[in-house]
Amino acid sequence: MSIILGRGGENKSSAIAQSESNINSSLVFQPAGGFSPNNPGKMANLRSAPILEGPRYFTADEADKLEELARQKKAQVKPTEQALHALGQVEKADAKVQSAYYREYAPRVASAELKKIAAKTQFATHLHGLRAPYASLGAGLGRAENKATAAVAAIKAGLR
């Protein structure tokens, strides 16, 4: 609380420090695993069978296995396209949620936090303004206590 209220020279510099920021571009552009100019991915090619480096003959067994591989890969194309489309939709949904979080929710929380701290600061300032009247009341109470003590002492002295 003393940092916010800025009591004394050292704490005033701390109060000023409170207005500085920890926001920098490395925080904002922190890699999150997505593709970007700084993270283009592997740019890999999908290769289900090796490339022939030159002409060659195949055996009947090799031809049968390649035909089976071709059928398998052809059968996997549609489900793969569906899966990639679904992954794209998941990314799109994630982007909407993250956008709503950082554009709507987080700024509202930050603004509300500022209002809360401002209210506490206003209250603390008000309390500081009450210190002198409280001290005055305390001094008056001390004087009343001294008078009462003196009166009691006079009464006791008269009874002896």
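Being a predicted model, the structure only gives us computed values, none of them experimental. Here, residues in each chain are numbered from 1, in the same order as that chain's written sequence. Confidence filtering applies because this is a predicted model: local features only for residues at pLDDT of at least 70, side-chain atom pairs given and counted only at 80 or more, and all residues used for totals across whole chains, interfaces and linings. Values shown for side chains rest on all heavy atoms present in the structure; no hydrogens or waters enter the calculation.

K.L.:
I'd like to hear about the overall build of the chain, residue by residue, with values.
P.N.:
A run of DSSP states H or I qualifies as a helix once it reaches four residues; a run of E qualifies as a strand once it reaches two. Both are numbered from the N-terminal end. Broken down by element type, the chain carries four helices and zero strands. Taken from the N to the C terminus, the helices and strands of the chain come in the order α-α-α-α. Going through the 160 residues of the chain one by one, you find that 1% of them count as buried. Per-residue accessibility takes into account occlusion by the displayed protein chains alone, with areas from the Shrake-Rupley method and a 1.4 Å probe. With the model as given, the accessible surface of the chain reaches about 14,600 Å², and the carbon-plus-sulfur share is 60%. Working definition: with a 1.4 Å probe on protein chains only, accessible area under 20% of the residue-type maximum means buried, over 50% means exposed, and in between means partly exposed.

K.L.:
Can you break down the packing of aromatic side chains residue by residue, with the values?
P.N.:
Here the aromatic set is Phe, Tyr and Trp, taking the six-membered ring for Trp, and pairing holds for ring centres within 6.5 Å; pairs whose planes are under 30 degrees apart are stacked, those over 60 apart are edge-to-face, and all others are tilted. As enumerated under the stated definition, the model contains two aromatic pairs in all. Here Tyr101 and Tyr102 contribute two aromatic rings whose centre-to-centre distance is 4.8 Å and whose plane-to-plane angle is 85°, an arrangement assigned as edge-to-face. For Tyr101, a relative accessible area of 42% corresponds to the partly exposed category. Relative to Tyr105, the ring of Tyr101 has its centre 5.4 Å away and its plane inclined at 40°; by these criteria the two rings are tilted. Of this pair, Tyr101 and Tyr105 both sit in helix H4 (residues 60-159), four residues apart, which is roughly one turn of the helix. By the ring-pair criterion, three or more aromatic residues cluster together here, those being Tyr101, Tyr102 and Tyr105. Criterion for a charge above a ring: Lys NZ or Arg CZ within 6 Å of the ring centre, and within 35 degrees of the ring normal. It is Arg56 that lies over the ring of Phe58; its NZ or CZ is 4.1 Å from the centre.

K.L.:
Describe the pattern of salt bridges, naming the residues involved and giving the relevant values.
P.N.:
Between Lys or Arg on one side and Asp or Glu on the other, a salt bridge is scored when a side-chain nitrogen of the former is within 4 Å of a carboxyl oxygen of the latter. Applying the stated criterion to the full structure yields three salt bridges. Where Asp61 meets Lys65, a salt bridge forms, and the shortest distance between an N and an O atom there is 3.5 Å. One end of the pair, Asp61, and the other, Lys65, are both in helix H4, four residues apart, so they sit about a helical turn from each other. Its relative accessible area of 46% is what places Asp61 among the partly exposed residues.

K.L.:
Can you break down unusual backbone geometry residue by residue, with the values?
P.N.:
Phi at Met43 is positive, roughly 55°, even though this residue is not glycine. Along the polypeptide, Met43 turns up in the loop between helix H3 (25-28) and H4. According to the relative accessible area criterion, Met43 is exposed, its value standing at 67%.

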